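Structural description and commentary
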Amino acid sequence: MTDRRLLLVHAHPDDESIVTGATMAKYVAEGTEVTLVTCTLGEEGEVIPPELAHLSGDALGEHRVGELAKACRALGLRDHRFLGGAGHYRDSGMMGAPSNDDPRCFWRADVDEATRQLAAIVREVRPDVMVSYDSNGGYGHPDHIQAHRVALGAFGRAAERSLPGTPWQTRKFYAIAQPTSVIEERVERLRYSAGSFTPPTSVADIAPGTPDHVVTTRIDASDHWSAKALAMRAHATQISVEGERFALSNGIAQEIDAVEHFTLLRGPATRPGPGGVETDLFA
């Protein structure tokens, strides 16, 4: 067991499993106290299985609460919260969609209010490290952008209001990263091994990609690949899993990878190891 604490802030159910599932499972297994905060229920998600196609809006959100609970169990995670409570903030949908105008959606939320809510969780949990997205939300989704704003704001606000004389302070804030070179390698492999999914033709088919020189941290959680895969299977409305591959609603093949990457946005300089990147979020 360790006394380390990690807090992750994600926009929707399934985000945690796709891009940080292996990292979460690794640190949980090592005894780290891991907390997940999810900002919406994912009411605007596109449902993949025909037998679940009747789910939409609030009904889909309620269903995804159950999917997320199963995913958390697969990862060994015991501490999960919804920001403001389940359903307090609604999924905003993709940028430019009519759902962006819904006054209940996270994109329209009062950033200061949401930041105060998250800062209260941060002060309660007292994490050493926080993880969320970069300023573009990874790929421009409004809820991911808003999650970055709120998480980074809470990172600063919680430290400002910690009790005088207490030794605790959240030391580091990371953004999820997907190195361009890694995606390029995956695209090349998937051209010939996409299974029943559509092979990607370029990096853009998978993610915008993070320039390699910006990536500071590489977490090899290969021993926890099966936990990540099981967590992704739990999100059946959003993810199709086939062996070592998965696809979202666009049907384009991606690899389930238990090596996950991050960029340090706040905190002391990283200590690069082999390959020029650090290998522990708590280093």
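Residues numbered from 1 in each chain as written. Predicted model: local features only at pLDDT ≥ 70, side-chain atom pairs only at ≥ 80, totals over all residues. Heavy atoms only, no water.

Looking at an unreviewed UniProt entry, one finds the chain named 1D-myo-inositol 2-acetamido-2-deoxy-alpha-D-glucopyranoside deacetylase, with Halostreptopolyspora alba as its source organism. Annotation of the chain in UniProt includes, under Catalytic activity (unreviewed entry), the sentence "1D-myo-inositol 2-acetamido-2-deoxy-alpha-D-glucopyranoside + H2O = 1D-myo-inositol 2-amino-2-deoxy-alpha-D-glucopyranoside + acetate". (UniProt positions renumbered as here; feature names shortened; annotations may be inferred.)

What the rule picks out here adds up to 4 aromatic pairs. The interplanar angle of 65 degrees and the centroid separation of 5.7 Å between the aromatic rings of F155 and F173 together place this pair among those described as edge-to-face. In this pair, F155 sits in helix α4 (residues 142–160) while F173 sits in strand β5 (residues 172–177), placing the two residues 18 residues apart along the sequence. A cation over an aromatic ring shows up here: R4 above the ring of F282, its NZ or CZ 4.5 Å from the ring centre. One Lys or Arg, K26, reaches over the ring of Y27 and ends 4.5 Å from the middle of that ring. (Phe/Tyr/Trp six-rings, centres within 6.5 Å; stacked < 30°, edge-to-face > 60°. Helix = DSSP H or I, 4+ residues; strand = E, 2+ residues; numbered from the N terminus. Lys NZ or Arg CZ within 6 Å of the ring centre and 35° of its normal.)

Here the focus is the UniProt feature "binding site: Zn(2+)" (unreviewed entry) in the chain. Here, UniProt's "binding site: Zn(2+)" (unreviewed entry) annotation points to H12, D15 and H144. For the residues just named, distributed over 133 residues, the greatest C-alpha separation is only 9.7 Å, placing them together at one site. Tracing the sequence through the fold places H12 in the loop between β1 (5–10) and α1 (15–29). Among the secondary structure elements, D15 is positioned in helix α1. In this structure D15 touches H10, T20, Y133 and H144, once residues within four positions along its chain are discounted. (Contact = heavy atoms within 4.5 Å.)

Glancing now at helix α6 (residues 225–234). Those residues of α6 that fall on the buried side of the exposure criterion are A227, K228, A229, A231, M232 and A234. If you follow the buried residues of α6, they end up packed against α1, α2 (57–75), β7 (240–242), β8 (245–247) and β10 (259–266). (Buried < 20%, exposed > 50% of the residue type's maximum accessible area, 1.4 Å probe, protein only.)

To continue, consider the sheet that holds β10. With mixed pairing, 7 strands are arranged side by side in an open sheet as β3-β2-β1-β4-β5-β10-β6. Each edge of the open sheet is held by one strand with a lone partner, namely β3 (79–82) and β6 (217–220). On average, adjacent strands in this sheet sit at an angle of 25 degrees to one another, irrespective of strand direction. Across 6 bridges, β1 lies against strand β2 (residues 33–38) in parallel orientation. Bridge pairing in β2 places H10 opposite T38. Contacting β1, β2, β5, β6 and β10, α1 runs over the sheet at an angle of about 90 degrees to β10. (Pairing = 2+ DSSP bridges. Axes fitted to C-alpha atoms, helices over the stretch in contact; angles between N-to-C directions.)

Let us look at the packing of α2 against α6. Where α2 contacts α6, the axes come no closer than 8 Å and their chain directions differ by 170 degrees. It follows that α2 is roughly antiparallel to α6 by the angle criterion. Where α2 abuts α6, its residues E67, K70, A71, A74 and L75 lie against A227, K228, L230, A231 and A234. (Parallel < 35°, antiparallel > 145°, perpendicular 65-115°, else oblique.)

In contact at an axis separation of 8 Å, α1 and α6 are set at 140 degrees when each is read in the N-to-C sense. Accordingly, the angle class assigned to the pair α1 and α6 is oblique. For α1 against α6, the interelement crossing comes out right-handed. Counted together, S17, I18, G21, A22 and A25 of α1 and A227, K228, A231 and M232 of α6 form the full contact between these two elements. (Left-handed = near helix turned anticlockwise from the far one by under 90°.)

For the rest of this paragraph, the subject is the nonpolar core. Within the largest apolar cluster, 61 residues are counted, with the highest numbers of intra-cluster contacts made by L6, L83, F106, L118, V131 and L281. Of all the elements, α4 adds the most residues to this core, at 7 residues. If we skip the residues at most four places from it in the chain, V131 touches L6, L7, L8, V9, Y174, I176, F262 and L281. Core analysis: the next-biggest nonpolar cluster, separate from the first, contains 10 residues, I183, L190, F197 and V203 among them. (Core = buried A, V, L, I, M, F, W, Y, C linked by side-chain atoms within 4.5 Å.)

So, on to unusual backbone geometry. Positioned with a positive phi, D14 is a non-glycine residue whose angle comes to about 100 degrees. The buried category is assigned to D14, whose relative accessible area is 7%. Although it is not a glycine, R126 sits at a positive phi angle of roughly 55 degrees. By the element assignment, R126 lies in the loop between α3 (111–125) and β4 (129–132). We classify R126 as partly exposed; its relative accessible area is 30%.

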